Amino acid sequence: MARPLIQMALDSLDFNQTVALADQVAPYVDIFEIGTPCIKYNGVNLVKELRQRYPDKLLLVDLKTMDAGEYEAGAFYAAGADICTVLGVSGLATIGGVIKAAKKYAAEVQVDLINVPNKGECARESAKLGAQIMGVHTGLDAQAAGQTPFTDLAEVANLGLNVRVSVAGGIKPATIDQTVKAGANIIVVGAAIYGAPSPAEAAREIRELVDVAAV
Ligand SMILES: O=C(CO)[C@H](O)[C@H](O)COP(=O)(O)O
């Protein structure tokens, strides 16, 4: 089985703390995600900083775009994003706009299926339009209400679409094995790494667990 990529969600608001955390976990992760609150607070300058520091890492900007897809995402692709996210609930016109912006930069689009009622239909239509990644996502507020992404992950992974499936929502060491076996191609981890006493050690452990589960 191909090893899923590990995506580190950088969810602090502080510019310097975000860069310092990226430096600590870099050896163990494949994708840096600039989380939504972080990108709203810091803007394109943080994209440029991480792009310059890490030319070989994938850089995902979690815009969760809801409208004006091409216009909003274009500036972040221009600053160096490899992937921008757009909300599935935004609709196909906005998703198509982000896809158009991505194409200009030979970059990619992730459709975030958070709160989408019919995830299968949204994923199918978005894939037809040209989105490369479907994000199954239980947000922080839904996690606080006890929800997890695993049922949705199985549903989206089993659609058999020609896309990569990303999963986010409280993934931690104890759930890595089931996440890999359910078919995730990209595993997003935030709090389980940045909230650990040693983020580097937590990222190393996640990396090891993913490697073992993917054999
Ligand atoms: O996109 C997000 C919230 O909307 C988070 O970055 C994502 O959920 C990953 O963080 P965690 O592992 O703490 O759930």
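The model shown is predicted, which means the values in this text are computed figures rather than measured ones.

Reading the values: the criteria
- Residues numbered from 1 in each chain as written.
- Predicted model: local features only at pLDDT ≥ 70, side-chain atom pairs only at ≥ 80, totals over all residues.
- Heavy atoms only, no water.
- Phe/Tyr/Trp six-rings, centres within 6.5 Å; stacked < 30°, edge-to-face > 60°.
- Helix = DSSP H or I, 4+ residues; strand = E, 2+ residues; numbered from the N terminus.
- Buried < 20%, exposed > 50% of the residue type's maximum accessible area, 1.4 Å probe, protein only.
- Core = buried A, V, L, I, M, F, W, Y, C linked by side-chain atoms within 4.5 Å.
- Contact = heavy atoms within 4.5 Å.
- Pairing = 2+ DSSP bridges.
- Right-handed = clockwise from strand over helix to strand, strands pointing away.
- Axes fitted to C-alpha atoms, helices over the stretch in contact; angles between N-to-C directions.
- Parallel < 35°, antiparallel > 145°, perpendicular 65-115°, else oblique.
- Left-handed = near helix turned anticlockwise from the far one by under 90°.
- Nonpolar A, V, L, I, M, F, W, Y, C, P; charged D, E, K, R; others polar.
- Near = heavy atom within 4 Å.
- Polar contact = N/O pair within 3.5 Å; in protein donor to acceptor, adjacent residues only side chain to side chain.

**Student:** How should the packing of aromatic side chains be read in this particular structure?
**Tutor:** Evaluated as defined, the whole model comprises 2 aromatic pairs. When the ring of F32 is compared with that of Y54, the centres are 5.0 Å apart and the planes differ by 65°; the resulting orientation is edge-to-face. Taken together, the positions of F32 in strand β2 (residues 31-34) and Y54 in the loop between α3 (44-53) and β3 (58-65) put the pair 22 residues apart, joining distant regions of the chain. By relative accessible area, which is 16% here, Y54 ends up buried. Ring geometry for Y77 against Y105: centres 6.4 Å apart, planes inclined by 20°, an arrangement best described as stacked. Remark: Y105 occurs in the loop between α5 (92-104) and β5 (108-112) and Y77 occurs in helix α4 (residues 69-78); sequence separation between them is 28 residues. Note on Y77: relative accessible area 3%, which makes it buried.

**Student:** Explain the nonpolar core here, please?
**Tutor:** One broad trend across soluble globular proteins is that nonpolar side chains are buried collectively. F32, I34, L50, V61 and Y77 are the most contacted members of the largest nonpolar core, which totals 62 residues. Residues in contact with V61, not counting those within four places in the same chain, are I34, I39, V47, F76, A81, I83, C84 and T85. Membership of the second largest hydrophobic core comes to 5 residues, among which are I31, L60, I83 and I133.

**Student:** Would you mind going over the pairing of strand β1 (residues 5-10) with me for this structure?
**Tutor:** Along any regular strand the residues' side chains alternate between the sheet's two faces. Summarising burial for β1: 5 of the 6 residues are buried, a large majority. When β1 meets strand β8 (residues 186-189), the two strands line up parallel, connected through 4 bridges. When the bridges of β8 are listed, M8 appears paired with V189. Examined bridge by bridge, β1 and β2 share 4 bridges and lie parallel to one another. Residue pairing in the sheet places M8 in a bridge with F32 of β2. Of the crossover connections in this fold, the one passing from β1 over helix α1 (residues 15-25) to the parallel β2 is right-handed.

**Student:** How should I be thinking about the packing of α1 against helix α11 (residues 199-213) in this particular structure?
**Tutor:** The angle between the axes and the distance between the axes are what describe a pair of packed helices. At a closest axis distance of 8 Å, the pairing of α1 and α11 adopts a crossing angle of 45°. As the angle between them shows, α1 and α11 are arranged oblique. Where α1 crosses over α11, the handedness of that crossing is right-handed. Within the contact between the two elements, α1 uses L21, Q24 and V25 and α11 uses P199, A200 and A203. Of the residues contributing to the contact of α1 with α11, the split by class is 5 nonpolar, 1 polar and no charged.

**Student:** Which parts of the structure should I look at to understand the site of the ligand?
**Tutor:** Close to the ligand lie 14 residues, the nearest being D11, Q143, G170, G190 and A191. Here an oxygen atom of the ligand and a side-chain polar atom of D11 are 2.8 Å apart. The side chain of D62 places a nitrogen or oxygen atom 3.3 Å from an oxygen atom of the ligand. For the shell around the ligand, the per-class residue count stands at 5 nonpolar, 5 polar and 4 charged.

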